Amino acid sequence: MKKSIFLLLCISVLFSCTKKEDFFDPHHIDEEAKENFPVKDIDPSQDWNMAAVGTLSVSINQKTGEVYTVKVYTDNPLNSEGNARLLAKKTGVRDGETILFTFDVPKAIESVYVLFEDKMYNGWVKVADMKVGRPSVSWEEQGREAGKRSAMARSSWDYKVPDEKNFLKEVPADAKQYPIQWAEMRGGYYMNDGSYELRYGNYTLYIKGNVTITGAYPDGLVVYLLEGSTLDATAAETFNPNTVFYIAQNSTMKLNRISINCSLYNKGKITVAGVSNSSGGYIYNDGSFEITGKTTFAMSGKATFVNLQSASLQDVTMTGGSELINEEGTVKANSLDTRSSYIYNRCRMEILSSTYFQNGEGFAFEQDGGSSFETNTLKTNGNIPLRLGSKSVFHVKDNVEYQNGKVDVTGVGSDEKALFWVSGVCIKTPDESITYSGELEVALKGYTGDTNFSDGAQLVKVEQVRLGEPVGCGYDYTTNGGGTNSDATDIPQVYTYVFEDMTREAGDFDFNDVVLKVTVPDESGKATVTLFAAGAAKNLKVGFTDTSNGSNSQSDLFGEVHAAMNCDPGTLINTGSGPNGTSVEKEITITGTLKDNGDFYIYEADNANNITIHVASQVTPASTYPPYGLCIPGDWVFPRERNQITALYRYFANWAQNHTIYTRWYEEHMPEFKERWDAANGEYPYADK
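The rules behind these values
Residues numbered from 1 in each chain as written. Predicted model: local features only at pLDDT ≥ 70, side-chain atom pairs only at ≥ 80, totals over all residues. Heavy atoms only, no water. Helix = DSSP H or I, 4+ residues; strand = E, 2+ residues; numbered from the N terminus. Rg over C-alpha atoms; globule rule 2.2 N^0.38 Å. Contact = heavy atoms within 4.5 Å. Areas by Shrake-Rupley, 256 points an atom, 1.4 Å probe, with all protein chains shown as cover. Lys, Arg positive; Asp, Glu negative; His and termini not counted. Charge placed at Lys NZ, Arg CZ, Asp CG, Glu CD. Core = buried A, V, L, I, M, F, W, Y, C linked by side-chain atoms within 4.5 Å. Buried < 20%, exposed > 50% of the residue type's maximum accessible area, 1.4 Å probe, protein only. Pairing = 2+ DSSP bridges. Axes fitted to C-alpha atoms, helices over the stretch in contact; angles between N-to-C directions. pLDDT = per-residue confidence, 0-100. Salt bridge = Lys/Arg side-chain N within 4 Å of Asp/Glu carboxyl O. Phe/Tyr/Trp six-rings, centres within 6.5 Å; stacked < 30°, edge-to-face > 60°. Polar contact = N/O pair within 3.5 Å; in protein donor to acceptor, adjacent residues only side chain to side chain.

(A) Focus on the overall build of the protein. When helices and strands are counted, the protein shows seven helices and 51 strands. Its C-alpha radius of gyration of 37 Å places the protein more than 25% over the 26 Å reference for a compact globule of 689 residues. Taking the principal axes of its C-alpha atoms as reference, the protein extends roughly 155 × 50 × 40 Å. Summarising the internal contacts of the protein: among those between residues at least 6 apart in sequence, 47% fall at separations of at least 24. Just so you have it, the protein exposes about 29000 Å², and 47% of that area is on carbon and sulfur atoms. Between the averaged position of the 62 positive side-chain charges in the protein and that of its 90 negative side-chain charges there is a distance of 3 Å.

Have a look at this one:
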């Protein structure tokens, strides 16, 4: 009996002298972690997973027999202002082949950008919708020479065409000499060389030779300027609505500061040497219409200008439902300011400086196949539709600024694509989105704002567009003139693995005890793992398991993390509360994807408890329990030491409590997403909220 009591006392003393951590109770840590976690009421369906595996089918049918490179990105790789990250790449893809990509992709991404590149580094990009059951893109023949007309934006536009018999060579036999003194004016009169003062009346006037007219033009007057004649009407200030002019071939009409509110049909030459306007007037130009000097031509009140040959208009303003119809020939202007009006272009328009489109009470820009519109800059305001026919070119030589409203650029042809080409940057003032769609090639140096590409529209590299000589109403041009190798600018997608050291007790949930940055595997399965921060005092190591192939696994990637980063044991490295250590890289090989087969974990260097801490997407914690590790898409900005994750990321708690909302909470402080968040005034910028 005494021996038994003595034995019990010895056992009691032995246990009382044993260290507490030698009795590791994972359940106790789980409960303590749940109590310490800054979010309560965790979604029972929350698996803490922010990564996904995407599959994408890509078909190539170029009929060239060549081999190509195909790449998949998070964003448009041709956007100089963007932040595209490379998700996957395949080289040596043969013409006529269909390939299947399987790749890591952020779970919240709804679409990816696919680059198809040939041996001359011509590149075309299409958008693949990842929400559909079987995402796919395909390429037929790329690039082409352009010149002749093809499918049009509209078959015809309504406008008045004068009767050819109204363009006269001779004075009618029954016309009378224009009276020198006052008389009651009725019937037809002619002027032949000299200077005349107009008289009121309801009559018709024929002008032959070189004639100068002074005085006001009666409302209802019909004037015929005969072939080879010249009319100096620079004294006129207004042509009234019921007045009509017919300007015959090889004749010239000279104007100064004038309000053209009449109907004016021209087959000769008209020159205007001053500020002019047309309120409700109708100008039909099948000859030459030239405004000289740096001056303004203002159209309003549903005025219409129809051009069939050559029009040079200086600074043009259009308001009140006015129409500019370029049926044939060329319209040139220094600037074009179009507000609630309509432009229909079937040939060539050249704006030397700036173009402004505003939609207040209606706006349209339509351009037919094989036509061209060029401007130095473009600025829009409001909902702006631009409809471009096959093989037509819309070229902005410098920058574009989209303000307010929604802009839709649509290729409306049925055979070959139109080209929307911006040599500068498209800047979108925060508001609604820009959409490029239809039979359209889009060459943009760069762009900002919410920009969508859909329904067959594809992007091309700006540098591979080659503009040749003018041909007809358009240009000889090609969109496969050779580009630059995209490898030089590719940035692989990174996933940030962050861990809380839970080997002995619950952590503080700043998720910086160990921070890894891991690139997605390349075509050969190689990935780079960077040890970036160590925010725990314990001696920790990092391991990796390739869950599909044990031979790739490595139980110790860097050795003890403090030593690997050349810092003293126990120091907190790169977390804001200690020294800044040098990050360390290690190359690994992985079979397949990080999401499926990449299991990174941490453990104590002596591994006394045989405890490993994994990210929650690999070892899902019990329902409503917090994660000890997270795999976060991108180069994530982790919290500073002892700052809980909810203090830095405002929407993390919302997502933790409902895994279907605020799914991109982690982007809030990442530099590549700053523009989008700034555009939303710092609030969550996506619809899932």
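(B) Molecular detail of the nonpolar core. Within the largest apolar cluster, 81 residues are counted, with the highest numbers of intra-cluster contacts made by L205, M253, F357, F420 and Y436. Examining the composition of this core, we find that five residues originate from one element, strand β10 (residues 202-214), more than from any other. Leave out the neighbours within four places in its chain, and F420 touches L386, L388, F394, Y402, V409, Y436, L440, E441, V442, A443 and L444. Membership of the second largest hydrophobic core comes to 64 residues, among which are Y495, A533, F558 and Y686.

(C) Summary view of the sheet that holds strand β7 (residues 136-139). In spatial order, the strands read β4-β1-β7; together these three strands make up an open sheet with mixed pairing. Strands at the two margins of the open sheet, each flanked by one partner only, are β4 (98-106) and β7. The mean angle between the axes of side-by-side strands here comes to 25 degrees, regardless of whether they run parallel or antiparallel. Two elements, strand β1 (residues 51-60) and β7, share four bridges in a ladder whose sense is parallel. Within the sheet, the bridge partner assigned to S57 lies in β7 and is S136.

(D) Structural context of the confidence of the model for the protein. Put simply, the protein has an average pLDDT of 90, and 93% of its residues get 70 or more. Contacts from residues 1-24, a stretch scored under 50 in pLDDT, to residues over four places away or in other chains number ten contacts. Segment residues 142-151: pLDDT under 50, and 51 contacts once partners within four positions in sequence are set aside and those in other chains are kept.

(E) Quick look at the pattern of salt bridges. For the structure shown, the criterion picks out 25 salt bridges. K119 is the partner of E66 in a salt bridge, and the nearest nitrogen-oxygen pair spans 3.6 Å. With E66 in the loop between β1 and β2 (67-73) and K119 in the loop between β5 (111-117) and β6 (123-129), this residue pair connects regions lying 53 residues apart in the sequence. You can call E66 partly exposed: its relative accessible area is 26%. One salt bridge connects E327 with R346, and the closest N-O pair in it is separated by 3.1 Å. With E327 in the loop between β26 (323-326) and β27 (330-333) and R346 in the loop between β29 (342-345) and β30 (348-358), this residue pair connects regions lying 19 residues apart in the sequence. For the pair formed by E327 and R346, the shared burial category is buried. Connected through shared salt-bridge partners, K71, K89, D487 and D490 make up one network.

(F) Seen up close, the packing of aromatic side chains. Tallied over the full model, the rule gives 53 aromatic pairs. Ring geometry for F37 and F652: centres 6.2 Å apart, planes at 80 degrees, overall edge-to-face. A residue pair is termed long-range when its members are at least 10 positions apart, and F37 in the loop between α2 (26-36) and β1 and F652 in helix α6 (residues 652-657) qualify at 615 residues. Per residue, the accessibility class of F37 equals that of F652, and both read buried. Consider the rings of Y178 and Y189, whose centres lie 6.1 Å apart with planes at 75 degrees: the pair is edge-to-face. Taken as a pair, Y178 in the loop between β8 (176-177) and β9 (186-197) and Y189 in strand β9 lie far apart in primary sequence, eleven residues in all.

(G) Expanded view of the sheet that holds strand β51 (residues 629-633). Across the sheet, which stays open at both edges, the five strands sit in the order β48-β46-β45-β44-β51 with antiparallel pairing between neighbours. Each edge of the open sheet carries a strand with a single partner, namely β48 (584-589) and β51. Going across the sheet, the axis of each strand differs from the next one's by a mean of 25 degrees, ignoring polarity. With four bridges joining them, strand β45 (residues 514-519) and strand β46 (residues 526-533) adopt antiparallel strand pairing. Within β46, the residue paired with V518 across the bridge is V529.

(H) Region of interest: unusual backbone geometry. Although it is not a glycine, S340 adopts a positive phi angle of roughly 50 degrees. Here S340 shows up in the loop between β28 (335-339) and β29. One non-glycine residue with positive phi stands out, namely N404, at about 55 degrees. As for its position among the elements, N404 is in the loop between β35 (400-403) and β36 (407-411). The exposure class of N404 is partly exposed, given its relative accessible area of 33%.

(I) Here's a closer look at the side chain of K71. Topologically, K71 is positioned in strand β2. Note on K71: relative accessible area 1%, which makes it buried. There is a polar contact of 2.5 Å between the side chain of K71 and the side chain of D490. For K71, the contacting residues outside a window of four places in its chain are L86, A88, K89, Y113, V114, L115, S486, D487 and D490.

(J) Structural view of the environment of H28. With respect to the helices and strands, the residue H28 is situated in helix α2. Taking the relative accessible area as the measure of exposure, H28 reaches 46% and is therefore partly exposed. Counting along the chain gives 203 residues from H28 to L231, while the straight-line C-alpha distance between them is 102 Å.

(K) Quick peek at the pairing of strand β15 (residues 252-255). Bridge count for strand β12 (residues 230-232) against β15 is three bridges, and the pairing is parallel. Across the sheet, D232 pairs through a bridge with K254, a residue of β15. Here β15 pairs with strand β18 (residues 269-272) via four bridges, running parallel. Residue pairing in the sheet places M253 in a bridge with I270 of β18.

(L) Spatial organisation of the side chain of T338. For T338, the position within the fold is in strand β28. When its relative accessible area of 0% is taken as the criterion, T338 is described as buried. Setting aside residues no more than four positions away along its own chain, T338 makes contact with M318, I343, Y356, F357, Q358 and F363.

(M) The arrangement of the environment of S341 in detail. Secondary-structure assignment places S341 in the loop between β28 and β29. Judged by relative accessible area, S341 falls into the buried class, the value being 0%. With 14 residues separating them in the primary sequence, S341 and E327 have C-alpha atoms 17 Å apart. When near neighbours in sequence (up to four residues on either side) are disregarded, S341 contacts M318, T319, G320, G321, S322, G362, F363 and A364. From its side chain, S341 meets the backbone nitrogen of T319 in a polar contact 3.4 Å long. There is a polar contact of 3.1 Å between the side chain of S341 and the backbone oxygen of R339.

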